[in-house]
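Per-entry structural report
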Amino acid sequence: MFKTYFIFFTLILNAAVLLAHPAKDTTLSFDNKTKMLSVSVLHDSRDRKKHFIEEIRVSVNGKELVKQNFQSQTSNASQDASYVLIDVKPGDEVAVKSECNLGGSLVTKMRVFLK
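A few points on the structure. (Residues numbered from 1 in each chain as written. Predicted model: local features only at pLDDT ≥ 70, side-chain atom pairs only at ≥ 80, totals over all residues. Heavy atoms only, no water.)

Overview of the overall build of the protein
When helices and strands are tallied, the protein shows 1 helix and 7 strands. For the protein, the α and β elements follow one another from N to C terminus as α-β-β-β-β-β-β-β. Expressed as a percentage of the 115 residues in the protein, the buried residues total 32%. Across the protein, every contact between residues at least 6 apart in sequence was considered, and the portion connecting residues at least 24 apart equals 55%. Per element, the accessible surface of the protein, about 7,600 Å² overall, is 59% carbon and sulfur. (Helix = DSSP H or I, 4+ residues; strand = E, 2+ residues; numbered from the N terminus. Buried < 20%, exposed > 50% of the residue type's maximum accessible area, 1.4 Å probe, protein only. Contact = heavy atoms within 4.5 Å. Areas by Shrake-Rupley, 256 points an atom, 1.4 Å probe, with all protein chains shown as cover.)

Spelled out as structure tokens, the structure:
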């Protein structure tokens, strides 16, 4: 009987791991005038309350400035967020890390330029 339960729980655990995946891509844009960073994390989910981008972290030049946690995803296709980064200047490197609640993460970087 124990062996049957063990096999059942192992199969369930493996199925959950197979469903977990990091974001496909992250689109970043920064408006120098408003100092607004727009983030769009592409992450497909059939049920955005059970499988979603759980966390976004924003770092500038290696220093973490923002950590935001989510309870669900903006849409079935993506998690979108915007952040005001007052002290960011041309030449700075902005890095965004997104984390799936079922496992997997993606880091995307951009360099800020004058427009």
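Don't stop here, the text continues.
A word on the pairing of strand 3 (residues 53-60)
A regular strand places its side chains on the two faces of the sheet in alternate fashion. Among the 8 residues in strand 3, 6 count as buried, and that is most of the element. For strand 3 and strand 6 (residues 93-100), the ladder comprises 7 bridges, and the chain directions are antiparallel. The residue bridging Val 60 from the neighbouring strand is Val 94, located in strand 6. In the sheet, strand 3 pairs with strand 4 (residues 63-69) via 6 bridges, with the strands oriented antiparallel. Bridging across to strand 4, Arg 57 finds its partner in Lys 67. Linking strand 3 back to strand 4 in an antiparallel pair, the connection comprises 2 residues, with Asn 61 at a positive phi of about 55°. (Pairing = 2+ DSSP bridges.)

Some thoughts on the sheet that holds strand 4
In spatial order, the strands read 4-3-6-7; together these 4 strands make up an open sheet with antiparallel pairing. Of all strands in the sheet, those with a lone pairing partner are strand 4 and strand 7 (105-111), marking the two edges. Taken pair by pair, the neighbouring strands of this sheet meet at an average axis angle of 15°, ignoring direction. (Axes fitted to C-alpha atoms, helices over the stretch in contact; angles between N-to-C directions.)

A word on the sheet that holds strand 5 (residues 78-84)
With respect to topology, 3 strands assemble into an open sheet ordered 1-2-5, the strand pairing being antiparallel. Two strands close off the open sheet at either side, each with one partner strand: strand 1 (25-31) and strand 5. On average, adjacent strands in this sheet sit at an angle of 15° to one another, irrespective of strand direction.

Considerations on the pattern of salt bridges
One pass over the full model with this rule turns up 7 salt bridges. Here Lys 24 makes a salt bridge to Asp 44, at a shortest N to O gap of 2.5 Å. Remark: Asp 44 occurs in the loop between strand 2 (36-42) and strand 3 and Lys 24 occurs in the loop between helix 1 (2-19) and strand 1; sequence separation between them is 20 residues. Judged by its relative accessible area of 60%, Lys 24 is exposed. Using a relative accessible area of 37% as the deciding quantity, one classes Asp 44 as partly exposed. Each of Glu 55, Arg 57, Glu 64 and Lys 67 takes part in a single network of salt bridges with overlapping partners. (Salt bridge = Lys/Arg side-chain N within 4 Å of Asp/Glu carboxyl O.)

As far as function goes, none of this settles anything; it's purely spatial.
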